Amino acid sequence: MSQMNIQAEPAPSIVAPAWLAVTSLAVGTFASVTTEFLPVGLLTDIAAGLHVSEGEAGLMVTMPGLVAALTGPVLIVASGRLNRRALLLSLSVLLVASNLIAALAQNLPTMLFARVLLGVVVGGFWTFAPGATGHMVPAAQQPRAMSYVLAGISVATVAGIPIGAVLGHLAGWRAAFIAAAILASAVLALQFRILPSMPSTRTTGPRELLAPLSNRSARAVLAIAIFMMAGHFVGYTYLRPVLQQMFGMSPDGVNVLLLVYGVAGFIGTFLGGRLVTHSVRGTSLTAALAIGGVLLLAALAGKSAIIATVAVLAWGCAFGLVPVSMTTWMQRASPNTPDAGQALLVTFFQTAIALGAFFGGVVVDTLGIASALVLGSGLAAMSAIFIGLSKEPAA
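## Observations regarding the packing of aromatic side chains
Under the definition given, this model contains 10 aromatic pairs. With a centroid separation of 6.2 Å and an interplanar angle of 90°, the aromatic rings of Phe233 and Phe319 are classed as edge-to-face. Residue Phe233 is found in helix α10 (residues 216–236), and its partner Phe319 is found in helix α14 (residues 305–333); the two are separated by 86 residues along the sequence. Just as Phe233 is buried, Phe319 falls in that class too. Here the aromatic rings of Tyr236 and Tyr261 are separated by 5.5 Å at their centres, their planes lie at 40°, and the arrangement is tilted. Of this pair, Tyr236 sits in helix α10 while Tyr261 is found in helix α12 (residues 251–275), placing the two residues 25 residues apart along the sequence. The exposure classification of Tyr236 matches that of Tyr261, with both residues buried. Each member of the aromatic cluster is reached from another via a ring pair, and the members are Phe37, Phe233, Tyr236, Tyr261, Trp315 and Phe319. We note Arg85 situated over the ring of Phe192; from NZ or CZ to the ring centre the distance is 5.5 Å.

Structural data, given as structure tokens:
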């Protein structure tokens, strides 16, 4: 009996560091995606601080989206057999640098340079972090580990706005980027200490990278993702001006509703994790219809705090379903080329974010915020049509 106890004791010392390493990746993805969306909650303040219009300030969301869209596929081909530990640590260094440059920026070009660096980080983390878990935990536990990393992305997607808004309200928008730099530095220190060596055993060539495009189900989810994400970000990028100008909310009231949005999105993320086990297509359709409906409601409604609160709750919860449903759909559609499928999904996600933020800015500056919400609703409706024409991906 004593021998059995002696043999069983070492297990926790092996498992604990592995899950701590997985956690460091989850926090790393959370930090990078949170930084990507910080400007949304601070858009009005940053625009004033840099002396540009809100539409021009929207380029802070467009720029990293475009760069990330290119970075994922380029890095997965160019990195070859480079040890993934070195790659992930380099991305964490860039994340610290990006936040520090943004915090010190005195004009829009400097801010956009910081956001270009961030785009490299976001594209790299989204592409490599989920697969890196295979070097840390046994194969049977990898799906669980990947879900943690993806949860970091999903939660950041909905939490970036309220986090930025609260920090900006308390200490100014520059302090929000300094706080992000501190978090990124902590992540870098943890990863440097805990990440194991992760040698790449294979390379991905351009032909393999495009392999998922030959799959009808993979093509469907890419089309759905670009319309849904673009529709969402046409309005999401300008959520603070929407609440202030269209619903007449005070700055304090906006901050409260942005926190409500974050909590709703957090709930939606984990609700989506349960719903996709029953139907990925149904979960995606629910998200598309809800986002489209909320955007249209916000565009047509008058100044009502109750309608604003209901819309923000429904919007946050609906979008929380998107990352998990789209990622699960792609995983099921391309089981033989998971890295390529993930890279393409990252590209389409980030392209949609960039397009949504850009065209949203154009419409806001020319036709007004309500028109941008109508455009977003129409794009979300298009994604619902694509879902309706698609089949449930095989589990």
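## Considering a nonpolar patch on the surface
On the surface, Leu355, Phe358, Phe359, Val362 and Leu375 cluster together to form a nonpolar patch covering roughly 400 Å² of accessible area. Per element, the largest residue contribution to the nonpolar patch is four residues, and it comes from helix α15 (residues 338–366). Inspection of the secondary structure assignment puts Phe359 in helix α15.

## Remarks on unusual backbone geometry
It is generally the case that most residues other than glycine have a negative phi and that most peptide bonds are trans. Positive phi is not limited to glycine here, since His51 has a value of about 60°. Looking at the element boundaries, His51 is found in the loop between α2 (11–50) and α3 (54–57). Under the relative-accessibility criterion, His51 is labelled exposed at 71%.

## Describing the side chain of Thr327
With respect to the secondary-structure elements, Thr327 resides in helix α14. Those residues in contact with Thr327 that sit more than four places away from it in its chain are Leu150, Gln342 and Leu345.

## So, the packing of helix α4 (residues 59–78) against helix α6 (residues 108–132)
Contact geometry for α4 and α6: axes closest at 7 Å, N-to-C directions at 40°. Between α4 and α6, the interaxial angle falls into the category oblique. Every pair of crossing elements has a handedness; the one defined by α4 and α6 is right-handed. Along the contact surface, α4 presents Leu59, Met60, Met63, Pro64, Val67, Ala68, Thr71, Gly72, Leu75 and Ile76, while α6 presents Met111, Leu112, Arg115, Val116, Leu118, Gly119, Val120, Val122, Gly123, Gly124, Thr127 and Phe128. A breakdown of the residues in the contact of α4 with α6 according to their chemical character gives 15 nonpolar, six polar and one charged.

## Overview of the packing of helix α5 (residues 84–104) against helix α8 (residues 173–194)
One way to put it is that α5 packs onto α8 with a least axis distance of 8 Å and a crossing angle of 160°. Classed by the angle they form, the pair α5 and α8 counts as roughly antiparallel. Both α5 and α8 take part in a crossing whose hand is left-handed. For the pair formed by α5 and α8, the contact residues are Arg85, Leu88, Leu89, Ser92, Val93, Leu95, Val96, Asn99, Leu100, Ala102, Ala103 and Leu104 on the first element and Trp173, Arg174, Phe177, Ile178, Ala180, Ala181, Ala184, Ser185, Val187, Leu188, Gln191 and Phe192 on the second.

## Some points on the side chain of Thr34
With respect to the element layout, Thr34 can be found in helix α2. A distance of 2.7 Å separates the side chain of Thr34 from the backbone oxygen of Phe30, its partner in a polar contact.

## Comments concerning the environment of Ile369
Here Ile369 shows up in helix α16 (residues 369–389). Using a relative accessible area of 9% as the deciding quantity, one classes Ile369 as buried. Setting aside residues no more than four positions away along its own chain, Ile369 makes contact with Pro241, Val242, Gln245, Met246 and Val364.

Criteria and thresholds
Residues numbered from 1 in each chain as written. Predicted model: local features only at pLDDT ≥ 70, side-chain atom pairs only at ≥ 80, totals over all residues. Heavy atoms only, no water. Phe/Tyr/Trp six-rings, centres within 6.5 Å; stacked < 30°, edge-to-face > 60°. Helix = DSSP H or I, 4+ residues; strand = E, 2+ residues; numbered from the N terminus. Buried < 20%, exposed > 50% of the residue type's maximum accessible area, 1.4 Å probe, protein only. Lys NZ or Arg CZ within 6 Å of the ring centre and 35° of its normal. Patch = residues over 30% accessible without salt bridge, like charges linked within 9 Å, V, L, I, M, F, W, Y side chains within 5 Å. Areas by Shrake-Rupley, 256 points an atom, 1.4 Å probe, with all protein chains shown as cover. Salt bridge = Lys/Arg side-chain N within 4 Å of Asp/Glu carboxyl O. Contact = heavy atoms within 4.5 Å. Axes fitted to C-alpha atoms, helices over the stretch in contact; angles between N-to-C directions. Parallel < 35°, antiparallel > 145°, perpendicular 65-115°, else oblique. Left-handed = near helix turned anticlockwise from the far one by under 90°. Nonpolar A, V, L, I, M, F, W, Y, C, P; charged D, E, K, R; others polar. Polar contact = N/O pair within 3.5 Å; in protein donor to acceptor, adjacent residues only side chain to side chain.

Remember, this is a structural readout, not a statement about activity or role.
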